[in-house]
Each structure stands twice: as C-alpha cells, then as structure tokens.
Amino acid sequence: MTVTGRKQTACVRRRAPRPEWTGLLYIAPAMLLVIMFFVLPVGFTAWMSLHNWPLMGAQRWIGFNNYFRMFNDGRFVAALNFTAYYTVIVTILIFAVAFPLALFVERQRAFVSTYRTVIFLPVVVGLASASLLWVWLANVDSGFIGPALKALGLVEKSPNLLATFDSAFLTICVMVVWKIAGFTMIILLTGLQAIPTDLTEAAVVDGANWWQRFRFLTLPLMRRTIALALIISVTGSILAFDQFYIMTSGGPQNRMISVVYYIFNQSFVSFNLGYGAALSIALLAILVVISVVQLWLLRVGEER
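Residues numbered from 1 in each chain as written. Predicted model: local features only at pLDDT ≥ 70, side-chain atom pairs only at ≥ 80, totals over all residues. Heavy atoms only, no water.

The name recorded for the chain in an unreviewed UniProt entry is Sugar ABC transporter permease, from Rhizobium altiplani. The record in UniProt for the chain states the following under Subcellular location (unreviewed entry): "Cell membrane". (UniProt positions renumbered as here; feature names shortened; annotations may be inferred.)

What follows is the structure, encoded as structure tokens:
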C-alpha cells in the first residue's frame, strides 16, 4: 500500500463515527421529545410548587409550604381515599371481565375475529365521548337503562342512576369496564398466545385438567403480561378525571372527587397554581412508588 493510500485509510477511520455516538444519534429525536414534553414540564411544575403562584400578579417564594399544606388538607386526603377505593374496585372488575374474555377469544372458533372486534370497539371511543354517552343512557327521562330496568320488572319506576353515590359509582364503574376491558383483553391475549403450545400439549398428555393447566402453567408464564396490564390499569385509574367531571361533576355531595379532579379545582377553579403544582408532584411521586413496588413484586415472584 502506498503512503497516499495509507493516509486515505487513516482519514476514513477517523471520520467513521463511534458505535456509541451512532446509537445516540438514533435516539436523539426521542430524547428531545421526552425532554421537551416531560422533563421540562415536570421541572417547571416542581419550580411552581415552591411558590405562591396566583393566576394574576407576582409569584412569591414560599419553599415547601405547599407540601406541608397538603398534609393538613382534609379534602385532599378524602380525594386520595376515594381514588384508592375506585382504583381497587375498577381494577378488579376490569380483570374479572377481561381475563375470561381473553380466554374465550384465544381459542380458534367460529366468528372469533368478529368477537374480538366487537369487544375491542369501545376502546376506540374517547373517554369524554363515552362519558357523555352514558350520561344519556342513565338519564331518568330520555335514557335507556332506567326504562329497561323498569320493563324487566327490577324497579317500580325509572331510577336516576346519577343521583346517589352508590348508583352513580356503580354506573361509572360499569362504563369504565365497558370502555377499558377490551384493551386489557388484547394485552392478556398476547400473553396467552405467547405460551408455547408444546407445553400445553405436554400438560394434557400428563393428565392435567383445565384448572391445573391454568394455575400452574398459564398464570406463571403470563406474569409479565399481567404485570403490564395491572400497571396500566392502576395508573389509569389513579389518573381518572373525565368520567367524574362529565358524569357527576364530583357529586353527589362532592363524594366523587378524584385526586386529579381536586388538582384541577385547585389550579383552574380556585387559581391556586402553586398548590396545584405541589399536588401534581405528590401524585407523580405516588405513581412512581406504586409502579416500582409492582415491578419489585414481579421480580420477587420470578426469583421464587
């Protein structure tokens, strides 16, 4: 090789990007979006939480007073309790409906594609639109649910389903299950279809019945899928807002105010933007802790 050729080869080597820089270039657009739409807003929210930040006028530094205030805020504690109660109930109901549906549509049968499509259809409806739809369905005069219950002889007259806490809470839970169960079903269905058929056939040959196959084969192999569906369901339930705002406006008697609804009231009704920012940071911390605990429990179960 001539001297000139060696110089050209060395130049090409110097110009060739390093593998780590190549990878950074590929993920740079995603990193930029995360920084712009998550890191910077969270940082600004944290900065706002340290101030008395009115809608109009100058901001005033108050340190951690907003965070100390929330510990003595009875309405915030009530919102936390209601959100936790709602999260537990609706998550159990979603899984109680979605898992049997996933088992049903996982098997090859006639019209199985149609079943999957029909069950998944409510997912494509926006939550606000679904809430408005169910407000009409639950209407005591022009709705469908009340007259249907009366026609079936279950009630003497059409009830106002959104007038009392128990009936309104049940109506919202049914609406959310109708809206979300199809999405959870698809997640669980992917986990079911990922189980090797060889293992199922071997279990059948060994004489395992349906419950034994489900208990000792299906559930352990679907641990990660179930954890993903559980995290999504819990996170979405904690962040619930639209259904309570549209269907009941926090009522009756302000007993259905979720944490996000309370943050909305503090920020955009009472215009306590600094306190609302502190509540948002606290809610973010709660979500991070819950997600970490769920992932830790998943890892502990795998080590066993």
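When you go through the chain residue by residue, the secondary structure sums to 14 helices and two strands. Taken over C-alpha atoms, the radius of gyration comes to 26 Å for the chain, far larger than the 19 Å a tight globule of 304 residues would show. Principal-axis analysis of the C-alpha atoms places the extent of the chain at approximately 100 × 75 × 40 Å. Expressed as a percentage of the 304 residues in the chain, the buried residues total 35%. If you take every contact in the chain between residues at least 6 apart in sequence, the share linking residues at least 24 apart comes to 67%. Surface exposure of the chain reaches about 18,900 Å², of which carbon and sulfur atoms provide 67%. Side-chain charges of the chain comprise 22 positive and 12 negative groups, with the mean position of each set lying 14 Å from the other. (Helix = DSSP H or I, 4+ residues; strand = E, 2+ residues; numbered from the N terminus. Rg over C-alpha atoms; globule rule 2.2 N^0.38 Å. Buried < 20%, exposed > 50% of the residue type's maximum accessible area, 1.4 Å probe, protein only. Contact = heavy atoms within 4.5 Å. Areas by Shrake-Rupley, 256 points an atom, 1.4 Å probe, with all protein chains shown as cover. Lys, Arg positive; Asp, Glu negative; His and termini not counted. Charge placed at Lys NZ, Arg CZ, Asp CG, Glu CD.)

Its location among the elements puts Gly 250 in the loop between helix H12 (242-247) and helix H13 (259-268). In this structure the C-alpha to C-alpha distance between Gly 250 and Tyr 262, which are twelve residues apart in sequence, comes to 9.2 Å. Here Gly 250 is in contact with Phe 244, Arg 255, Met 256, Ile 257 and Tyr 261, once residues within four sequence places are set aside.

Quick look at the packing of helix H4 (residues 74-106) against helix H11 (residues 223-238) now. Direction vectors running N to C along H4 and H11 enclose 140 degrees, while the axes themselves pass 9 Å from each other. With respect to H11, the axis of H4 lies oblique. The handedness of the crossing between H4 and H11 comes out as right-handed. Mapping the contact onto sequence places Thr 83, Tyr 86, Thr 87, Val 90, Thr 91, Ile 94, Phe 95 and Phe 99 in H4 and Ile 226, Ala 229, Leu 230, Ser 233, Val 234, Ser 237 and Ile 238 in H11. Looking at the contact of H4 with H11 residue by residue, the classes come out as ten nonpolar, five polar and no charged. (Axes fitted to C-alpha atoms, helices over the stretch in contact; angles between N-to-C directions. Parallel < 35°, antiparallel > 145°, perpendicular 65-115°, else oblique. Left-handed = near helix turned anticlockwise from the far one by under 90°. Nonpolar A, V, L, I, M, F, W, Y, C, P; charged D, E, K, R; others polar.)

The positions UniProt marks with the feature "domain: ABC transmembrane type-1" (unreviewed entry) are residues 80-296. Between the C-alpha atoms that bound residues 80-296 the distance is 23 Å, and the span itself is 74% helix and 0% strand.

The UniProt entry lists residues 23-47, 84-105, 117-137, 168-189, 225-246 and 275-298 under the feature "transmembrane region" (unreviewed entry), expressed in the numbering used here. Across residues 168-189 one finds 100% helix and 0% strand; the C-alpha atoms that close the span lie 31 Å apart.

Here we come to the packing of aromatic side chains. Tallied over the full model, the rule gives 25 aromatic pairs. With a centroid separation of 6.5 Å and an interplanar angle of 20 degrees, the aromatic rings of Phe 82 and Tyr 86 are classed as stacked. In this pair, Phe 82 and Tyr 86 are both assigned in helix H4, four residues apart and thus about one turn of the helix distant. On the basis of relative accessibility, which here comes to 6%, the residue Phe 82 falls in the buried class. Ring centres 5.6 Å apart and planes at 85 degrees place the aromatic pair Phe 241 and Tyr 261 in the edge-to-face group. Residue Phe 241 is found in the loop between H11 and H12, and its partner Tyr 261 is found in helix H13; the two are separated by 20 residues along the sequence. When sorted by exposure, Phe 241 lands in the same class as Tyr 261, which is buried. Aromatic rings pair up to connect Phe 82, Tyr 85, Tyr 86, Phe 165, Phe 169 and Phe 244 into one cluster. A cation over an aromatic ring shows up here: Arg 255 above the ring of Phe 165, its NZ or CZ 4.2 Å from the ring centre. (Phe/Tyr/Trp six-rings, centres within 6.5 Å; stacked < 30°, edge-to-face > 60°. Lys NZ or Arg CZ within 6 Å of the ring centre and 35° of its normal.)

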